[in-house]
Amino acid sequence: MPVDFSGTWNLISNDNFEGYMVALGIDFATRKIAKMLKPQKVIKQDGDSFYIHTTSTFRDYSLQFKIGEEFEEDNKGLDNRKCKSVVTWENDKLVCVQTGEKKNRGWTHWLEGDDLHLELRCENQVCKQVFKRA
Ligand code: ECB
(Lines give C-alpha, C1' and ligand atoms only; values in the text may rest on other atoms or scores of the structure.)
Protein backbone atom coordinates (compact mmCIF):
# COMPACT_ATOMS: atom_id res chain seq x y z
CA MET A 1 0.00 0.00 0.00
CA PRO A 2 1.50 3.33 -1.03
CA VAL A 3 1.33 6.42 1.17
CA ASP A 4 -1.88 8.42 0.91
CA PHE A 5 -1.37 12.19 0.55
CA SER A 6 -5.10 12.88 0.21
CA GLY A 7 -6.49 15.68 2.29
CA THR A 8 -6.52 19.40 2.91
CA TRP A 9 -3.27 20.86 4.14
CA ASN A 10 -2.33 24.29 5.49
CA LEU A 11 1.14 25.80 5.17
CA ILE A 12 2.93 26.24 8.51
CA SER A 13 6.50 26.97 7.38
CA ASN A 14 8.20 28.10 4.21
CA ASP A 15 12.02 28.22 4.27
CA ASN A 16 13.89 29.98 1.46
CA PHE A 17 10.80 30.61 -0.65
CA GLU A 18 12.52 33.90 -1.52
CA GLY A 19 15.60 32.14 -2.97
CA TYR A 20 13.38 29.76 -4.96
CA MET A 21 11.36 32.64 -6.40
CA VAL A 22 14.53 34.59 -7.31
CA ALA A 23 15.84 31.49 -9.12
CA LEU A 24 12.55 31.41 -11.07
CA GLY A 25 12.95 35.08 -11.98
CA ILE A 26 9.86 36.28 -10.10
CA ASP A 27 9.86 40.08 -9.83
CA PHE A 28 10.27 41.92 -6.53
CA ALA A 29 6.68 43.14 -6.17
CA THR A 30 5.23 39.67 -6.79
CA ARG A 31 7.72 38.09 -4.38
CA LYS A 32 6.71 40.55 -1.66
CA ILE A 33 3.08 39.50 -1.96
CA ALA A 34 3.82 35.78 -2.45
CA LYS A 35 5.98 35.63 0.70
CA MET A 36 3.07 36.73 2.87
CA LEU A 37 0.75 33.97 1.64
CA LYS A 38 -0.29 30.93 3.63
CA PRO A 39 -1.36 28.61 0.82
CA GLN A 40 -3.57 25.60 1.29
CA LYS A 41 -3.16 22.35 -0.62
CA VAL A 42 -5.96 19.99 -1.50
CA ILE A 43 -4.65 16.64 -2.66
CA LYS A 44 -6.77 13.90 -4.17
CA GLN A 45 -4.99 10.61 -4.72
CA ASP A 46 -6.70 7.74 -6.51
CA GLY A 47 -4.34 4.90 -7.33
CA ASP A 48 -1.73 6.38 -9.62
CA SER A 49 -3.78 9.51 -10.37
CA PHE A 50 -3.17 12.73 -8.49
CA TYR A 51 -4.85 16.07 -8.30
CA ILE A 52 -3.06 18.81 -6.35
CA HIS A 53 -4.72 22.16 -5.95
CA THR A 54 -2.72 24.93 -4.26
CA THR A 55 -4.85 27.90 -3.33
CA SER A 56 -4.16 31.28 -1.82
CA THR A 57 -5.77 34.70 -1.57
CA PHE A 58 -3.53 35.86 -4.45
CA ARG A 59 -3.28 33.01 -6.98
CA ASP A 60 -4.26 29.37 -7.39
CA TYR A 61 -2.43 26.58 -9.12
CA SER A 62 -3.73 23.14 -9.98
CA LEU A 63 -2.00 20.08 -11.31
CA GLN A 64 -3.21 16.68 -12.44
CA PHE A 65 -0.92 13.79 -13.31
CA LYS A 66 -0.44 10.05 -13.34
CA ILE A 67 2.63 8.41 -11.91
CA GLY A 68 5.25 7.75 -14.60
CA GLU A 69 3.41 9.61 -17.38
CA GLU A 70 5.21 12.67 -18.73
CA PHE A 71 3.03 15.73 -19.26
CA GLU A 72 3.36 19.33 -20.45
CA GLU A 73 3.22 21.59 -17.43
CA ASP A 74 2.21 25.19 -17.92
CA ASN A 75 3.25 27.02 -14.78
CA LYS A 76 0.55 29.61 -15.27
CA GLY A 77 0.43 32.25 -12.57
CA LEU A 78 3.76 31.05 -11.19
CA ASP A 79 6.74 31.77 -13.48
CA ASN A 80 4.61 31.11 -16.60
CA ARG A 81 7.27 28.86 -18.15
CA LYS A 82 6.35 25.58 -19.73
CA CYS A 83 8.19 22.41 -18.90
CA LYS A 84 7.92 18.64 -19.31
CA SER A 85 7.13 17.03 -16.01
CA VAL A 86 7.06 13.51 -14.72
CA VAL A 87 6.25 12.29 -11.22
CA THR A 88 7.47 8.97 -9.85
CA TRP A 89 7.57 7.16 -6.53
CA GLU A 90 10.92 6.96 -4.79
CA ASN A 91 10.02 4.65 -1.92
CA ASP A 92 7.34 6.67 -0.09
CA LYS A 93 8.31 9.98 -1.65
CA LEU A 94 6.58 11.57 -4.62
CA VAL A 95 9.28 13.03 -6.86
CA CYS A 96 8.63 15.42 -9.76
CA VAL A 97 11.25 16.32 -12.35
CA GLN A 98 10.41 19.46 -14.36
CA THR A 99 12.54 19.57 -17.49
CA GLY A 100 12.78 22.89 -19.27
CA GLU A 101 14.65 26.16 -19.38
CA LYS A 102 15.53 26.04 -15.66
CA LYS A 103 18.15 23.53 -14.53
CA ASN A 104 17.54 21.16 -11.64
CA ARG A 105 13.86 22.04 -11.39
CA GLY A 106 11.45 19.82 -9.51
CA TRP A 107 9.81 18.98 -6.20
CA THR A 108 9.44 16.18 -3.69
CA HIS A 109 6.51 15.44 -1.37
CA TRP A 110 6.58 13.16 1.63
CA LEU A 111 4.77 12.59 4.93
CA GLU A 112 6.51 12.91 8.25
CA GLY A 113 4.39 12.19 11.30
CA ASP A 114 1.15 14.12 10.72
CA ASP A 115 2.82 16.65 8.45
CA LEU A 116 3.08 17.01 4.69
CA HIS A 117 6.51 18.10 3.50
CA LEU A 118 7.39 19.69 0.17
CA GLU A 119 10.81 20.51 -1.18
CA LEU A 120 10.78 22.84 -4.20
CA ARG A 121 14.00 22.98 -6.24
CA CYS A 122 15.24 25.35 -8.94
CA GLU A 123 18.84 25.71 -10.02
CA ASN A 124 20.86 25.96 -6.79
CA GLN A 125 17.91 26.93 -4.57
CA VAL A 126 15.82 24.71 -2.32
CA CYS A 127 12.62 25.87 -0.66
CA LYS A 128 11.24 23.74 2.15
CA GLN A 129 7.54 23.87 3.01
CA VAL A 130 5.67 22.06 5.77
CA PHE A 131 1.87 21.67 5.93
CA LYS A 132 -0.51 20.48 8.64
CA ARG A 133 -3.92 18.90 8.11
CA ALA A 134 -6.68 21.49 8.07
C1 ECB B 1 -0.39 29.11 -5.73
C2 ECB B 1 0.03 29.75 -4.45
C3 ECB B 1 1.33 30.49 -4.51
C4 ECB B 1 1.21 31.67 -5.42
C5 ECB B 1 2.52 32.43 -5.50
C6 ECB B 1 2.41 33.50 -6.50
C7 ECB B 1 3.44 34.04 -7.16
C8 ECB B 1 4.85 33.53 -7.05
C9 ECB B 1 5.29 32.93 -8.35
C10 ECB B 1 6.04 31.85 -8.46
C11 ECB B 1 6.59 31.09 -7.33
C12 ECB B 1 6.64 29.62 -7.63
C13 ECB B 1 5.91 28.72 -6.97
C14 ECB B 1 4.95 29.06 -5.91
C15 ECB B 1 4.94 28.00 -4.84
C16 ECB B 1 3.98 27.13 -4.69
C17 ECB B 1 2.93 26.91 -5.71
C18 ECB B 1 2.79 25.47 -6.13
C19 ECB B 1 4.12 24.76 -6.13
C20 ECB B 1 3.99 23.40 -6.75
O21 ECB B 1 4.43 23.17 -7.85
O22 ECB B 1 3.37 22.46 -6.04
C23 ECB B 1 3.33 21.14 -6.56
C24 ECB B 1 3.52 20.20 -5.41
O25 ECB B 1 2.47 20.31 -4.48
C26 ECB B 1 2.00 20.88 -7.23
O27 ECB B 1 1.74 21.81 -8.20
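As shown above, the structure is provided for reference.
Rules used in this analysis
- Residues numbered from 1 in each chain as written.
- Predicted model: local features only at pLDDT ≥ 70, side-chain atom pairs only at ≥ 80, totals over all residues.
- Heavy atoms only, no water.
- Near = heavy atom within 4 Å.
- Polar contact = N/O pair within 3.5 Å; in protein donor to acceptor, adjacent residues only side chain to side chain.
- Areas by Shrake-Rupley, 256 points an atom, 1.4 Å probe, with all protein chains shown as cover.
- Helix = DSSP H or I, 4+ residues; strand = E, 2+ residues; numbered from the N terminus.
- Salt bridge = Lys/Arg side-chain N within 4 Å of Asp/Glu carboxyl O.
- Buried < 20%, exposed > 50% of the residue type's maximum accessible area, 1.4 Å probe, protein only.
- Phe/Tyr/Trp six-rings, centres within 6.5 Å; stacked < 30°, edge-to-face > 60°.
- Lys NZ or Arg CZ within 6 Å of the ring centre and 35° of its normal.

J.: Looking at this model, I keep getting lost on the site of the ligand. Mind explaining?
T.: The local shell around the ligand holds 21 residues, among which Ile26, Lys41, Arg59, Tyr61 and His109 are the closest. One of the side-chain nitrogen or oxygen atoms of Lys41 is found 2.7 Å away from an oxygen atom of the ligand. Contact distances for the ligand include 2.7 Å between an oxygen atom and a side-chain N or O atom of His109. The fraction of the free accessible surface of the ligand (640 Å²) that becomes covered by protein chains is 98%. Broken down by secondary-structure element, the contributors of at least two residues to the shell around the ligand are α1 (17-23), α2 (28-36), β3 (49-55), β4 (61-66), β8 (106-112) and β9 (115-122). Examining the composition of the shell around the ligand, we find that three residues originate from one element, α1, more than from any other.

J.: Explain the pattern of salt bridges to me, please; I cannot follow it from the model alone.
T.: Two side chains with opposite charge may pair up if their charged atoms get near one another. This structure, assessed with the given rule, holds nine salt bridges. In this structure, Glu18 and Arg31 form a salt bridge, with 3.0 Å as the shortest nitrogen-oxygen distance. Here Arg31 lies in helix α2 and Glu18 lies in helix α1, a separation of 13 residues in the sequence. Judged by relative accessible area, which is 27%, Glu18 ranks as partly exposed. Arg31 sits in the buried class, given a relative accessible area of 14%.

J.: Explain the packing of aromatic side chains here, please?
T.: Working definition: an aromatic ring pair is given by the centre-to-centre distance plus the angle between the planes. Tallied over the entire structure, the rule returns five aromatic pairs. Ring centres of Phe50 and Trp89 lie 6.1 Å apart, and the angle between their planes is 65°; on these two criteria the pair is classed as edge-to-face. Of this pair, Phe50 sits in strand β3 while Trp89 sits in strand β6 (residues 82-90), and the two are 39 residues apart along the sequence. Relative to Phe71, the ring of Phe65 lies with its centre 6.1 Å away and its plane at 10°, an arrangement referred to as stacked. According to the relative accessible area criterion, Phe71 is buried, its value standing at 15%. Each residue in the set Phe5, Phe50, Phe65, Phe71, Trp89 and Trp107 is aromatic and connected to the rest through ring pairs, giving one cluster. When the ring centre of Trp110 is taken as reference, the NZ or CZ atom of Lys93 above it lies at 4.3 Å.

All we've got here are geometric facts, nothing functional implied.
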